[in-house]
Amino acid sequence: MRRVADICGDEADILALSVARFVAAGYMTSDVACWNAAFDGAEQLLGPTEGCRFVACVVAIIRALRAERDGDWSFMPASCCRVTGHECALVTLINRGRQRLWTDLEAAAAEITGREAAPRLVAAVRAAVGPLDAAAQRLAPASCPAGAVLH
């Protein structure tokens, strides 16, 4: 199995995968504590407003996936460093949106759901692009000031 670090391009991808895992666990167990953990983690990293917005966008993606996909979906626990093939496909889907590759996003959404088209999933990913990009910017390691010399 591949690792989270192998498929996630930045901290926003890692956070989105973690939130998706908590949300999926909440659906599987019917335990609201899983969703609270998703909100707590995102709020801790992004602040209460942006954290809530981020989680809401990932929840919308998972809800759309559940609505448009007929088959099972496998997720690892939130703290696991390994990823399933389904999680790889989800991160790829999200990145198609973040790269504004709209035709590729539509094709990836159709493939993930096993349908000819998955308009709800495409719409959810498109709506998440702004909050995902804002999270990436906020979570990016501080860059060196212009002209700085590293020794």
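Residues numbered from 1 in each chain as written. Predicted model: local features only at pLDDT ≥ 70, side-chain atom pairs only at ≥ 80, totals over all residues. Heavy atoms only, no water.

Looking at an unreviewed UniProt entry, one finds the protein named Protein of unassigned function and attributed to Methylobacterium oryzae CBMB20.

Enquirer: Can you explain the pattern of salt bridges? Please cite residues and give values.
Expert: One side chain can pair with another of opposite charge once the charged atoms of both are near each other. The final tally for this structure, using the stated rule, is 7 salt bridges. Taking the shortest distance from any N to any O, the salt bridge between Arg21 and Glu87 comes out at 2.6 Å. Remark: Glu87 occurs in helix α5 (residues 85-98) and Arg21 occurs in helix α2 (residues 11-29); sequence separation between them is 66 residues. Each member of the pair, Arg21 together with Glu87, is buried. (Salt bridge = Lys/Arg side-chain N within 4 Å of Asp/Glu carboxyl O. Helix = DSSP H or I, 4+ residues; strand = E, 2+ residues; numbered from the N terminus. Buried < 20%, exposed > 50% of the residue type's maximum accessible area, 1.4 Å probe, protein only.)

Enquirer: Let's hear about the side chain of Glu68: which residues, and what values?
Expert: By the secondary structure assignment, Glu68 is in helix α4 (residues 48-68). One polar contact links the side chain of Glu68 to the main-chain amide nitrogen of Leu121, over a distance of 2.9 Å. Look past the residues within four positions of Glu68 in its chain and what remains in contact with it is Thr113, Arg115, Ala118, Pro119, Arg120 and Leu121. (Polar contact = N/O pair within 3.5 Å; in protein donor to acceptor, adjacent residues only side chain to side chain. Contact = heavy atoms within 4.5 Å.)

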